Amino acid sequence: RPTRAEANDVANSVMDGTDAVMLSAETSTGKYPAVAVETMNRIALAAEAAVKPAPVNGRTRASHETDVLCASIPQYVDALDLKAVIVLSKTGKTIESLSRHRIKVPIYNISSNPKLIRQYNVFRGVEGVYIDKVADDRDKIASQAMEKVYSLGLLNLKDKVAIISGSSIKNKSLNSILEIAQVKDILQK
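Residues numbered from 1 in each chain as written. Predicted model: local features only at pLDDT ≥ 70, side-chain atom pairs only at ≥ 80, totals over all residues. Heavy atoms only, no water.

(A) Inspection of the overall build of the chain at higher detail. Scanning the chain for helices and strands turns up eight helices and five strands. When the helices and strands of the chain are read in sequence order from the N terminus, they spell out α-α-α-α-β-α-β-α-β-α-β-β-α. In terms of principal-axis extent, the alpha carbons of the chain reach across some 55 × 35 × 30 Å. Each of the 189 residues in the chain was classed as buried or not, and the buried ones make up 37%. A sequence separation of at least 24 residues applies to 54% of the contacts in the chain between residues at least 6 apart. (Helix = DSSP H or I, 4+ residues; strand = E, 2+ residues; numbered from the N terminus. Buried < 20%, exposed > 50% of the residue type's maximum accessible area, 1.4 Å probe, protein only. Contact = heavy atoms within 4.5 Å.)

Here's what the structure looks like:
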């Protein structure tokens, strides 16, 4: 059993916005490492259930416009009953900006870069989805992403999702597009 201090440390870490927690050497090399991980997971999930999604102020490595767009996503999730947010990002900056708001639905990080997938899987609520060859056209990428996410059984045809991507405008200085769509509509493109 964890001490009260250990359980409190895990719970407070989650409530303070930590994306991931890990065991210390003493705990992970003890007699029951699997039980320790299961217990820590239960504590983290209970603490996470108590945390309400809320926009976080401040800047990230993303552009100011992307930070503002990502701060508005929690409102869209509730108002539009969104089931997921799909992010088509080459750099991961949008993932960093979005995951800090602790939205209630999964964030699917679509990429052809395995390093980017692994790196951002540790962020809260982010699940990486690897696509071998990403199309050049934004609509085709969105369709590819939806086919992959849908084929994994992660969404239903009638689910509404938000798709955040870069702009297809050449020589752009700003590059965030937010689209709300039903899964079935994207799959029919």
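(B) The sheet that holds strand E3 (residues 126-130), seen in detail. Ordered by their spatial adjacency, five strands build an open sheet running E3-E2-E1-E4-E5, and the pairing between neighbours is mixed. At either margin of the open sheet sits one strand with a lone partner, and together these are E3 and strand E5 (177-182). The average angle at which neighbouring strand axes cross in this sheet is 25°, direction not considered. For strand E4 (residues 160-165) and E5, the ladder comprises six bridges, and the chain directions are antiparallel. Paired with Lys 160 across the two strands is Gln 182, which belongs to E5. Helix H6 (residues 114-121) contacts strand E2 (107-111) and E3 of the sheet and is inclined by roughly 165° relative to E3. (Pairing = 2+ DSSP bridges. Axes fitted to C-alpha atoms, helices over the stretch in contact; angles between N-to-C directions.)

So, to be careful, I would describe these as geometric facts and stop short of saying anything about function.
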